[in-house]
Amino acid sequence: MPPTDLNPAQYDAVTTLSGPLLVLAGAGTGKTRVVTYRIAELIRDRSRPVRPDRILAVTFTNKAANEMLERAAVLLGKRLKQKPEISTFHSLCVRILRRHINQLGYPVAFSICDRGDQEGFARSALREIKAADGLLRPGELISFISRWKNASIRPEQAAAEAETDKEHLASAAYRRYQNALKTAGALDFDDLLLCTEELLARDSKVRQAEAGRFDHILVDEYQDTNGSQYRIVKGLAGGHRNLCVVGDDDQSIYGWRGAEVAHILRFKQDWPEAKVVRLEVNYRSTRQILDWSNRLIAFNKLRHPKVLRATCEGEMPRILQIEDEVQEAKAVVAEIAGRIQHLKRRPRDFAILCRTNEQPRAFETELRQAKLPYVLVGGMSFYDRKEVRDVLAYLKVVAQPTDEVSLLRIINTPPRGISQATVKRLLDEAIHRGKPIWEVLPAAGELDGLPAGAAQAVGRLRQMVERFHRQAGRQPPVELAQALLREVAYKNELTRLYPNSDDQAARWAAVEELVNALADYSRRTSEATLAGFLQEVAISGNENEADKQAKLDRDAVALMTLHAAKGLEFREVYMVGMEEGALPHHRSISAAGAAVDEERRLCYVGVTRAQRRLTLTLALSRMKWGKPRPTIPSRFLYELTGKADNPNYLSAKRGVPGREARTGSREPRGKNRRARG
DNA sequence: GACTCGAGTCCCGCC
DNA sequence: GACTCGAGTC
């Protein structure tokens, strides 16, 4: 029997069990609820029950996937033999690729490279094309490549797209980068989508096999699909046409990675028989919060006009101006502590939302001092740590010695007598022979200009890696990792590098935590391999950490970026750093076009996370690059409170063209500077 | 070959 | 402020 605690629109969406369905759902209108109820409904449908594992639900973040999984489990009550497949796009692609990637000329045990690895590949690609230093930095190259990949532009097509000198250089490097990746048997994050798309497009057998695994597909946050994701979904759902997508064009915040709102706006054309359901009653926030939200988002030109209707009243949102970012953190944390103590709130009732990953630091310090439990979502800081990256690089080399980036990382860490000059010589030779550097190592002794000592050191390293590589198949991964750490005396290296014993202990603890994660992975995986662990780490951080988070989530103050907060809700929300340059971010301000509109949607996502109470704070001065600098209040504060004129409601001649052109990319000066699209 | 020091640069967001 | 890179020294 269908659930009765739904409003008519929600009920309609939940009980439409076949054919294409578009759910246009504003913030707080029960979107997640509709999706999970619908999954349960499909499984429990009396007339035509669907086997749980024939349902695929796709989300954008791990957090969203976990949450959906949890809610669906609660709803379905008893333990199911098969579970619906609920995963992120990227995990879905990894599974598809594992089955078929050899058809694209990659090894089945491909590795996934993260941001750090990418930089290594980018660096060597730039070296290969002999780009003059400083012309194009590795980071810049990666963002060019990522932008091309997100638009499904392949290396051979990039040159035609390039306009500036930098872009031409980047297109040449893109080809090398992609070759190097392929040689190393590695995919970057964008490749996961791109290769999956290619597989489905070029081989109808593969497409049929993959599409045939499911009878129903649901896609959350459909407004955030990029071209590849859009085509993958089309390819998988084209046969049965049981596709349900939910989304809100006002919450599209991933334009920078190729997301196109057009996909959700075009749904009815793609699937002409599609049913459209609109959810507009907001059950989450007070009328006061929604008044601010509605007023803010109305400043965006390109959108489907809609107004969220509230179902309850509450207090007015507040704006707090505070001296500097340290005081800001102190004030917010003190207030939270006070409300927990005096008003019996729970830590989990609170969220502190920031624009960038660096902002939470000050709040972390304060929260620790106040002894409030908190959870920092995202940031990936653990896997960014030098010692963790080192150990991971060792494990990667052992799993796959041709992993060039990792090999270069550990080749002289700890120092073993292989100098930069030696590395350069080996690299040149590798480029000359067109082979991975690993395959050049045996010839080190014969290379001109390589000192005998260096050649011997290279030989010793090669033998060690080979030995561990051979053992990798036979020995449990944890034992292997421990033996490896002993062999290279990594603990001694930490002692050598960090004179302070607290630092040493903290860094070694991180190494141990990584080994624990490996142990945990081995316990819950039937055929645990080093490669499997590394793949899991690359795609999701590890489950161990997700577990910890889930536990903490039950009662901890949430500290996260606005991007990470999408899809979540909290009783009381603090949006901090409401300043020009932070929100909207200075990069978006200086970028032409609709970049600021996306910042506005980001702000909208933030304010609509709040259920009962919303506080916006700004610091009047903020440390930047080592110096305190005065700030300017965010334009969004004026828009939220009705202190700014909305150009969408005024005649066009009120605009002052040319003013921005003169100020160029500098931050706006005037306090009352009006927002323009 | 390894280490130190000073100059120069600087990452937005996520999987 | 934190980090990387290159020059200079041991």
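Residues numbered from 1 in each chain as written. Chains lettered and ligands numbered in written order. Predicted model: local features only at pLDDT ≥ 70, side-chain atom pairs only at ≥ 80, totals over all residues. Heavy atoms only, no water.

## Quick look at the overall build of chain A
Then, in step 1: Looking only at helices and strands, chain A has 32 helices and 15 strands in total.
Then, in step 2: In terms of C-alpha radius of gyration, chain A reaches 27 Å, essentially the compact-globule figure of 26 Å for 677 residues.
Then, in step 3: Considered along the principal axes of its C-alpha atoms, chain A spans approximately 80 × 65 × 55 Å.
Then, in step 4: Here chain A holds 677 residues, and the buried ones make up 53% of them.
Then, in step 5: Contacts in chain A between residues at least 24 apart in sequence constitute 76% of all its contacts with a sequence separation of at least 6.
Then, in step 6: Working note: accessible area of chain A is about 31300 Å², and carbon and sulfur atoms make up 50% of it.
Then, in step 7: Averaging the locations of the 107 positively and 86 negatively charged side chains of chain A gives two centres separated by 2 Å. (Helix = DSSP H or I, 4+ residues; strand = E, 2+ residues; numbered from the N terminus. Rg over C-alpha atoms; globule rule 2.2 N^0.38 Å. Buried < 20%, exposed > 50% of the residue type's maximum accessible area, 1.4 Å probe, protein only. Contact = heavy atoms within 4.5 Å. Areas by Shrake-Rupley, 256 points an atom, 1.4 Å probe, with all protein chains shown as cover. Lys, Arg positive; Asp, Glu negative; His and termini not counted. Charge placed at Lys NZ, Arg CZ, Asp CG, Glu CD.)

## Quick word on the sheet that holds strand E3 (residues 85-88)
Then, in step 1: Strand order in the open sheet formed by six strands is E3-E2-E6-E7-E1-E8, with parallel pairing between adjacent strands. On the outer flanks of this sheet lie E3 and strand E8 (275-279), each paired with one strand and no other. Each neighbouring strand pair of the sheet contributes to a mean axis angle of 15°, computed without reference to strand direction.
Then, in step 2: Here four bridges tie strand E2 (residues 55-59) to strand E6 (residues 216-219), and the two strands are oriented parallel to one another. Looking at E6, one finds that Val-58 is bridged to Val-219.
Then, in step 3: This element, helix H1 (residues 8-15), spans strand E1 (21-25) and E8 of the sheet and lies at about 145° to E8.
Then, in step 4: Packed on one face of the sheet, helix H3 (residues 62-76) meets E2 and E3 and runs near 165° to E3. (Pairing = 2+ DSSP bridges. Axes fitted to C-alpha atoms, helices over the stretch in contact; angles between N-to-C directions.)

## Structural notes on the protein's contact with DNA strand C
Then, in step 1: Neighbouring DNA strand C are Arg-123, Trp-625 and Gly-626.
Then, in step 2: Counted by atom, the contact set of DNA strand C within 4 Å of the protein is 12% sugar and phosphate. (Near = heavy atom within 4 Å.)

## Some thoughts on empty space enclosed by the protein
Any space left empty among the atoms is revealed by the rolling of a water-sized probe across them.
Then, in step 1: Across all of its chains, the model carries six cavities of 30 Å³ or more by this definition.
Then, in step 2: Each pocket or cavity is described by its volume, and for the largest cavity that value is around 180 Å³.
Then, in step 3: If you trace the largest cavity, you find 16 residues lining it, with Ala-64, Asp-220, Glu-221, Lys-566 and Gly-567 closest to the centre.
Then, in step 4: Of all the elements, H3 adds the most residues to the lining of the largest cavity, at three residues.
Then, in step 5: Partitioned by chemical class, the residues of the lining of the largest cavity number five nonpolar, five polar and six charged.
Then, in step 6: Shared between two domains, the lining of the largest cavity holds at least three residues of each, these being domain 1 (8-94 + 194-279) and domain 3 (287-381 + 550-641). (1 Å grid on protein atoms, 1.4 Å probe; cavity = no way out; pocket = protein on both sides within 12 Å on 5 of 7 lines; lining within 4 Å. Points joined across faces, edges and corners; volume = space filled by probe spheres on them. Nonpolar A, V, L, I, M, F, W, Y, C, P; charged D, E, K, R; others polar. Domains from an automatic or database assignment.)

## Some points on the pairing of strand E10 (residues 350-354)
Both faces of the sheet carry side chains from a regular strand, because those side chains alternate between them.
Then, in step 1: Of all five residues that make up E10, five are buried, and the element is covered over most of its length.
Then, in step 2: Every second residue of E10 is oriented toward a common face, with Phe-350, Ile-352 and Cys-354 on one face and Ala-351 and Leu-353 on the other, all of them buried.
Then, in step 3: Bridging between E10 and strand E13 (residues 570-575) involves four bridges; their strand directions are parallel. Pairing of Leu-353 across the sheet is with Met-575, part of E13.
Then, in step 4: Here E10 runs beside strand E12 (residues 557-561); their pairing, made up of four bridges, is parallel. Paired with Cys-354 across the two strands is Thr-561, which belongs to E12.

## Notes on the domain arrangement of chain A
Then, in step 1: Once the domains are mapped, chain A shows domain 1 (8-94 + 194-279), domain 2 (111-184), domain 3 (287-381 + 550-641) and domain 4 (383-531).
Then, in step 2: One C-alpha centre belongs to domain 1, the other to domain 2, and the line joining them spans 33 Å.
Then, in step 3: In this complex, domain 1 contributes eleven residues to the contact, which on the side of domain 2 involves five residues.
Then, in step 4: Across the domain 1/domain 2 interface, buried area totals approximately 570 Å², and carbon plus sulfur atoms make up 46% of it.
Then, in step 5: Across the domain 1-domain 2 interface, the total number found is one salt bridge.
Then, in step 6: For Arg-154, the salt bridge goes to Glu-198, with nearest N and O atoms at 2.8 Å.
Then, in step 7: Across the domain 1-domain 2 interface, the total number found is six residue pairs in polar contact (both at pLDDT 80 or more).
Then, in step 8: The set of elements that each furnish at least two residues to the side of domain 1 that touches domain 2 consists of helix H9 (189-202) and helix H11 (227-237).
Then, in step 9: The greatest single-element share of the side of domain 1 that touches domain 2, amounting to four residues, is contributed by H9.
Then, in step 10: In terms of residue class, the side of domain 1 that touches domain 2 is built from three nonpolar, four polar and four charged. (Buried area = accessible area lost by both parts, 1.4 Å probe. Salt bridge = Lys/Arg side-chain N within 4 Å of Asp/Glu carboxyl O. Polar contact = N/O pair within 3.5 Å; in protein donor to acceptor, adjacent residues only side chain to side chain.)

## Quick notes on the packing of helix H6 (residues 138-150) against H9
Then, in step 1: In contact at an axis separation of 10 Å, H6 and H9 are set at 25° when each is read in the N-to-C sense. By the angle between their directions, the pair H6 and H9 is classed as roughly parallel. Between H6 and H9 lies a crossing of left-handed hand. Counted together, Ser-146, Lys-149 and Asn-150 of H6 and Asp-190, Asp-191 and Leu-194 of H9 form the full contact between these two elements. (Parallel < 35°, antiparallel > 145°, perpendicular 65-115°, else oblique. Left-handed = near helix turned anticlockwise from the far one by under 90°.)

## A closer look at the nonpolar core
Then, in step 1: The biggest cluster of nonpolar side chains holds 54 residues, and the ones touching the most others in it are Leu-426, Met-464, Tyr-490, Leu-514 and Phe-533.
Then, in step 2: Counting residues per element, this core draws most heavily on helix H25 (residues 501-524), which supplies nine residues.
Then, in step 3: The contacts of Phe-533, once residues within four sequence positions are left out, are Leu-514, Ala-517, Leu-518 and Tyr-521. (Core = buried A, V, L, I, M, F, W, Y, C linked by side-chain atoms within 4.5 Å.)

## Focus on the packing of H9 against H11
Then, in step 1: Axis separation between H9 and H11 bottoms out at 9 Å; the angle between their running directions is 35°. With respect to the hand of their crossing, H9 and H11 are arranged in left-handed fashion. Of the residues in H11, those touching H9 at Leu-193, Leu-194, Thr-196, Glu-197 and Leu-200 are Ser-228, Gln-229, Arg-231, Ile-232 and Leu-236.
Then, in step 2: Grouping the amino acids of the contact of H9 with H11 by side-chain chemistry returns five nonpolar, three polar and two charged.

## Focus on the state of the cysteines
Then, in step 1: Per the counting criterion, the structure on display carries zero disulfides.
Then, in step 2: We note that Cys-93 lacks a disulfide partner, and the nearest cysteine sulfur, in Cys-195, lies 9.5 Å from it. (Disulfide = S-S within 2.5 Å.)

## Quick look at unusual backbone geometry
Then, in step 1: That bond from Thr-413 to Pro-414 is cis: its omega, -5°, falls within 30 degrees of zero.
Then, in step 2: Note that Pro-414 resides in the loop between helix H19 (404-410) and helix H20 (420-433).
Then, in step 3: One non-glycine residue, Lys-371, adopts positive backbone phi at about 55°.
Then, in step 4: Relative to the helices and strands, Lys-371 is located in the loop between helix H16 (360-369) and strand E11 (374-376).

## Quick word on the pairing of E6
Then, in step 1: Residues His-216 and Leu-218 of E6 are buried on one face, and the alternating residues Ile-217 and Val-219, pointing to the opposite face, are buried as well.
Then, in step 2: One ladder, built from three bridges, connects E6 with strand E7 (residues 243-247); its direction is parallel. Residue pairing across strands places Val-219 opposite Val-245, the latter belonging to E7.
Then, in step 3: Taking the sense of rotation as the criterion, the β-α-β connection linking E6, H11 and E7 turns out right-handed. (Right-handed = clockwise from strand over helix to strand, strands pointing away.)

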